[in-house]
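# Residue-level structural notes
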Amino acid sequence: MKVVTRFAPSPTGYLHIGGARTALFNWLFARHHGGTFLLRIEDTDRERSTQDAVDKIFEGLKWLGIDWDGEPVFQFARMKRHAEVAHKMLAEGKAYYCYCTPEELEEMRAKAKAEGKPMRYDGRWRDRDPKDAPAGVKPVVRFKAPREGVTVIKDHVQGDVTFQNEQLDDLIILRSDGTPTYNLSVVVDDHDMGVTHVIRGDDHLTNAARQTQLYLAAGFEVPEFAHIPLIHGPDGAKLSKRHGALGTEAYADMGYLPAAMRNYLLRLGWSHGDDEIISTEQAIEWFGLDHVGRSPARFDFAKLNSLNGHYIRNTPDDELLQAALPFITKHAGRAPSEAEQAKLKAILPAVKERAKDLNELAEAVLFLFAARPIQPDAAAQKHLDDAAKARLRKVSEALQPLNEWTAASTEAVVRNLAETEQVKLGQLAQPLRAALTGRTVSPPIFDVLAVLGRDETLARLADAAGA
RNA sequence: GACCCCAUCGUCUAGAGGCCUAGGACGUCACCCUUUCACGGUGAAGACACGGGUUCGACUCCCGUUGGGGUCGCCA
């Protein structure tokens, strides 16, 4: 059997991190089995669905490197087909018109609440003659759900989950305006699209029971289910915005690499022994539903950062520079020139060891763009007292006659000076760092000298020490 | 509240009855490397929620308790 999976977000906001993981799992599962991964936009809620959200979903998936097969299906466009299935069920006596008013339903809801029971439609129109219909009331169509027995979901993650049918009421499949509701649409679409494996958040577990009944009633084959646990915030509660329930574009803006994000999301709720760093190719080869965890995982920025640092360090310089350029432009306030890009590339190997995200990387490289005279920050200023300035003048003098200007040659000069002056290397290096970068933290100082070049180095030294 | 799901270090997890003196990773701490910060290396602290069973033997199986989560819309 060819595997067909799908990701079916509703376009009511950005593609958040939980959705991204659901998409990733579906994608991985399909790719692993050489199957098909489809995208369906569930835009039947006309009030809340927006084109902007649709675009954000596309962009988010693309950013993550998740590609889908064929054209996306827009659920709203398939409304007629959904209604057709509902009418067929009506004709077959598997569904019926219900003339309950919203007030009556509200009453039922209140009563249920008072009794501490879940809201359950009492089925008052289930077997009633439509001739009793009150005039002027537009009916909804309800599914005639089985009242006895059980519905069992054979879930690949949760195992067999049994629901008593009496717990499930007659759900509305067609609204009073004739439009289909979610559960019906999902069932018809998944069937029509040939979806074999429904992998989604476990907030849909109860829906799976209702949907199973619908599949059976419609004469459709029930797909395989896999309900994966939701991602929680660091406090164990539902993921909130300040806890990471952000859109993928927010993570892009924070300077996370898609590869790191993929790896992080993959390991959140799935494992392959002790493996932590898993390439996408490897993930496709290894991924399966059998190792998806059953308990909700908490989102942890610390681990994401660590992973991101790893991927930054291991990204080839050219590629990393391209990814970092927008961030550098943002932080520097202007786009780097050709010449500056060459310098950027030269310092990148040293800088990428020390950045956990692209913003940090851009920050670390900012000294290249700083206009003279450099404005040292408070910490750096402490390394530029009179004694330090005097030492810097000596460094400057020693550096002047140097022919070949490289990290190695400048280092040799400064080390030599430290020896003759009887000072620790750090006593020269820290003031140098402060004078050249305006910071106390920077890439290795002789790498800084090398990229800055002789003229700029000497000029900055003169600014700081009056040399 | 009802129904359903879940439960191993702070966090992500390995663990399919003896391999467990419970392993790895992130984080934390210490030391080493070192011109700063990182990286890297070495090491330390740190968990089977609790109570009953089943078994010669339970982290692993069963039941209960507790705790957490999800769902209860003419939303998706």
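As a starting point, this report considers the structure included with it. Bear in mind the structure is a predicted one, so any value in this text is a computation, not a measurement.

### Points about the overall build of chain A
- Of regular secondary structure, chain A possesses 18 helices and twelve strands.
- For a compact globule of 467 residues, the expected C-alpha radius of gyration is about 23 Å, and chain A comes in at 31 Å, more than 25% above that figure.
- Overall size of chain A, expressed as C-alpha extent along the three principal axes, is 105 × 45 × 40 Å.
- Counting over 467 residues, chain A shows a buried share of 49%.
- Intrachain contacts of chain A at a sequence separation of at least 6 include 75% that bridge at least 24 residues.
- Of the roughly 22,200 Å² of accessible surface on chain A, 51% is carried by carbon and sulfur atoms.
- In chain A, which carries 59 positive and 66 negative side-chain charges, the distance between the mean positions of the two groups comes to 3 Å.

### Points about the nonpolar core
- If you look at the biggest cluster of nonpolar residues, it comprises 95 residues, and the most contacted ones within it are Phe25, Leu61, Leu266, Phe287, Phe299, Leu399 and Leu432.
- Element by element, the count of residues in this core is highest for helix H18 (residues 445–465), at ten residues.
- Ranked by size, the runner-up nonpolar core spans 33 residues in total, among them Val85, Val187, Val195 and Ala208.

### Examining the packing of helix H15 (residues 386–399) against helix H16 (residues 407–421)
- Two elements in contact, H15 and H16, have axes separated by 10 Å at closest approach and are oriented at 130°. One finds that H15 runs oblique with respect to H16. Crossing of H15 over H16 shows right-handed handedness. Mapping the contact onto sequence places Lys394, Val395, Ala398 and Leu399 in H15 and Thr410, Val413, Val414, Leu417 and Glu421 in H16.
- Of the residues that constitute the contact of H15 with H16, the class distribution is six nonpolar, one polar and two charged.

### Considerations on the sheet that holds strand S4 (residues 95–98)
- Read from one edge to the other, the open sheet built from three strands follows the order S4-S5-S8, with strand pairing classed as antiparallel. Two strands close off the open sheet at either side, each with one partner strand: S4 and strand S8 (172–174). The average angle at which neighbouring strand axes cross in this sheet is 45°, direction not considered.
- Summarising the sheet, strand S5 (residues 140–143) and S8 pair through two bridges and their orientation is antiparallel. Paired with Arg142 across the strands is Ile172, a residue of S8.

### With respect to a negative patch on the surface
- Residues Asp55, Glu59, Glu249 and Asp253 make up a contiguous surface patch of negative charge.
- Breaking the negative patch down by element, the ones donating at least two residues are helix H2 (51–64) and helix H7 (248–253).
- Within the element layout of this structure, Glu59 appears in helix H2.

### Focus: the sheet that holds strand S3 (residues 73–74)
- With parallel pairing, the three strands of this open sheet are ordered in space as S1-S2-S3. Strands with a single pairing partner mark the edges of an open sheet, and in this sheet they are strand S1 (4–7) and S3.
- Sheet analysis places S1 next to strand S2 (residues 36–41), joined by four bridges and oriented parallel. Paired with Phe7 across the two strands is Leu39, which belongs to S2.
- Across the sheet, helix H1 (residues 17–32) touches S1 and S2, and the angle it forms with S1 is around 165°.
- The strands that H2 touches are S1, S2 and S3; relative to S2, the one it contacts most, it runs at about 155°.

Each value, and the rule that gives it
Residues numbered from 1 in each chain as written. Chains lettered and ligands numbered in written order. Predicted model: local features only at pLDDT ≥ 70, side-chain atom pairs only at ≥ 80, totals over all residues. Heavy atoms only, no water. Helix = DSSP H or I, 4+ residues; strand = E, 2+ residues; numbered from the N terminus. Rg over C-alpha atoms; globule rule 2.2 N^0.38 Å. Buried < 20%, exposed > 50% of the residue type's maximum accessible area, 1.4 Å probe, protein only. Contact = heavy atoms within 4.5 Å. Areas by Shrake-Rupley, 256 points an atom, 1.4 Å probe, with all protein chains shown as cover. Lys, Arg positive; Asp, Glu negative; His and termini not counted. Charge placed at Lys NZ, Arg CZ, Asp CG, Glu CD. Core = buried A, V, L, I, M, F, W, Y, C linked by side-chain atoms within 4.5 Å. Axes fitted to C-alpha atoms, helices over the stretch in contact; angles between N-to-C directions. Parallel < 35°, antiparallel > 145°, perpendicular 65-115°, else oblique. Left-handed = near helix turned anticlockwise from the far one by under 90°. Nonpolar A, V, L, I, M, F, W, Y, C, P; charged D, E, K, R; others polar. Pairing = 2+ DSSP bridges. Patch = residues over 30% accessible without salt bridge, like charges linked within 9 Å, V, L, I, M, F, W, Y side chains within 5 Å. Salt bridge = Lys/Arg side-chain N within 4 Å of Asp/Glu carboxyl O.

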